[in-house]
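# Tertiary structure, described
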Amino acid sequence: MIVDDNPANLKLLEEMLRHHAYEVRSFARGRLALAAAAQETPDLILLDINMPEMNGYQVCEQLKSSARLSGIPVIFLSALHAPEDKLKGFRAGGVDYISKPFHLEEVQARVETHLKLQDLQRALKLQNNRLEEAVAVRTHELAEANERLIILDRSKDEFLYLISHELRTPLNGLVGVGQLILEGLSSTGENNKLQEMFEESRRRIISLVDDALLLTQIDVSREHFRSAPVSLSAALNRAIARATEFAESRHVTLTPPSADLDFVLGDEDLLVRALHSLLETAVKFSEEGGTVMLACDVLPDSLRVSIESHGKTIPSHLLAKFFDLFSINESSTLGGDLGFGPRVAYRILCLFGASISVANRDPSGIRLTVSLKHAIPNRGDSKTV
């Protein structure tokens, strides 16, 4: 669209632009140009400034005030050469300024440039719209997938919680009946071996159910576990007492640390459970007649407990995922059936900001290292983890 009150300029520009295959509409008044633009939006406007009724600045300002027409690039054509006139044109919304008398080659070059820019802006806008639509669709899909995952995760937790609880009733019946039958057998070497196998299986399955239930509770009700100052000496002594029977069955000795230890942050029953699981794990990696050594180091902000065994080691490719629930089958052939013990200990310790690692000893055995946070005893109420 060309808007100029000078017929000679209109004719000259029309011929030049049509010669280059542009469709051209010409208007001698700004008011007519605005009405025509509202009917059929042009791709670009060449706009004179000094015109009767409505000057070019006013025409441009009205264009820019319309949401539908504001994106049309406007190139001013004017005999005004002062910098303030050009600045006023840009402030009104123009994208370029050509001084009269103009050169046709310059007009053609600038028209072509701004039409290409307009095409690029339209393509970019179209691409942005497509991207926004794609992002909206993907966001919706991800939201639906996340909702399904939440439902599946909740169903898994509820299923594990239900199974862990409901298993106890039939297990109690099986264990009770089995115990009665075995007690009624005569004392022979074969029957005694059956009694030992039954007792080991009973202990293992009850331990698995208890551990599975605790893992589920930690996942579902993490906020319900509370921390308080705990005597590490008392927790270790209780854990050693619980692990002693199992260690003696493997002819392994547990050697506790000699010194009294400070208080650490946690829950005593849960810490005992974690330490007990780690002690039994160390026993499983010990050779018969060996010793599991416990040592403690006081660090500036933590207490470090080391549990060392002599015997079997862990293949190096399994060390990094030793506490991973899904690596249990791989690890079970090394120190025997580890069950959920290492994973339960790991999850409990993480509840209270503690850390745990495992490494092979040289030349044999493993080392489990636990770092627990210092705590000050008798300092108000416990806090939620």
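Not measured: the values here are computed from a predicted model. Starting afresh in each chain, residues are numbered from 1 along the sequence in its written order. Where local features are concerned, this predicted model is filtered to residues with pLDDT of at least 70; where side-chain atom pairs are given and counted, the filter is 80 or more; whole-chain, interface and lining totals use all residues. Side-chain metrics in this entry use all non-hydrogen atoms of the structure; hydrogen atoms and water are not considered.

Any Lys or Arg side-chain nitrogen located within 4 Å of an Asp or Glu carboxyl oxygen qualifies as a salt bridge. Tallied over the full model, the rule gives 19 salt bridges. For R138, the salt bridge identified is with E141, shortest N-O distance 3.3 Å. Highlighted residues: R138 and E141, both in helix α5 (residues 104–183), separated by 3 residues, approximately one helical turn. Buried, partly exposed and exposed residues are distinguished by accessible area as a fraction of the type maximum, computed with a 1.4 Å probe on protein chains only: under 20%, between the cut-offs, and over 50%, respectively. Judged by relative accessible area, R138 falls into the partly exposed class, the value being 48%. Judged by its relative accessible area of 38%, E141 falls in the partly exposed class. Salt-bridge contacts for E199 lead to R202; the nearest nitrogen and oxygen are separated by 2.4 Å. In this pair, E199 and R202 both sit in helix α6 (residues 189–220), 3 residues apart, roughly one turn of the helix. Judged by relative accessible area, which is 32%, E199 ranks as partly exposed. The exposure class assigned to R202 is partly exposed, which follows from its relative accessible area of 24%. A cluster of three or more residues bridged by salt bridges with shared partners is formed by D4, D48 and K100. The numbering of helices and of strands both runs from the N terminus, where a helix is a DSSP run of H or I of at least 4 residues and a strand a run of E of at least 2.

As for its position among the elements, D85 is in helix α4 (residues 83–92). Residues D85 and R203, 118 residues apart in the sequence, show an inter-C-alpha distance of 94 Å. In contact with D85, other than residues within four places in its own chain, are Y57, L80 and Y97. Contacts are residue-level and defined by heavy atoms, with any inter-residue pair within 4.5 Å sufficient.

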